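Here's the letter readout for the chains.
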Amino acid sequence: MALSRTALQDGSDRVKAKFGFSCSKALGQLKIIEDKAKKYSNLSDPKVRLLKFIDVQTKEQFNKS
């Protein structure tokens, strides 16, 4: 949670620095993650299992292909 919170807040802050407003998409994703994490807050040692990783290409990577 801490890593997600830091990354998404940093991204939103960069948008705010450049455009003058926060990134609602990043903050919305953070809200979804925090809400889902609340379901597991009562567990003493919660674990996360990665089921699938989807590699997303950036526009620059896509254009080079």
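Below: a short report on this structure. Residue positions are given per chain, counted from 1 along the sequence in the order it is written. This being a predicted model, a pLDDT of at least 70 is required before a residue's local features are given, and a value of 80 or more before pairs of side-chain atoms are given or counted; all residues contribute to the totals for chains, interfaces and linings. Neither water nor hydrogens contribute to the side-chain values; these are computed over all heavy atoms in the structure.

1. Concerning the overall build of the protein chain
Item 1. The number of helices and strands found in the protein chain is 3 helices and 0 strands.
Item 2. Secondary structure elements are taken from DSSP: a helix is a run of H or I of four residues or more, a strand is a run of E of two residues or more, and numbering for both begins at the N terminus. Listing each helix as α and each strand as β along the protein chain from the N terminus yields α-α-α.
Item 3. For every residue, the accessible area obtained with a 1.4 Å probe (protein chains only) is divided by the maximum for its type, and the residue is called buried under 20%, exposed over 50%, and partly exposed between those limits. Burial statistics for the protein chain: of 65 residues in total, 6% are counted as buried.

2. Side note on the pattern of salt bridges
Item 1. Salt bridge, as used here, is a side-chain nitrogen of Lys or Arg placed within 4 Å of a carboxyl oxygen of Asp or Glu. In the structure shown here, the tally under the stated rule is 4 salt bridges.
Item 2. The residue Lys31 makes a salt bridge to Asp35 at a minimum N-O spacing of 3.0 Å. Of this pair, Lys31 and Asp35 both sit in helix α2 (residues 24–38), 4 residues apart, roughly one helical turn.
Item 3. Take Lys31: its relative accessible area is 46%, and that puts it in the partly exposed class.
Item 4. For Asp35, a relative accessible area of 34% gives the class partly exposed.
Item 5. Where Lys47 meets Asp45, a salt bridge forms, and the shortest distance between an N and an O atom there is 2.8 Å.

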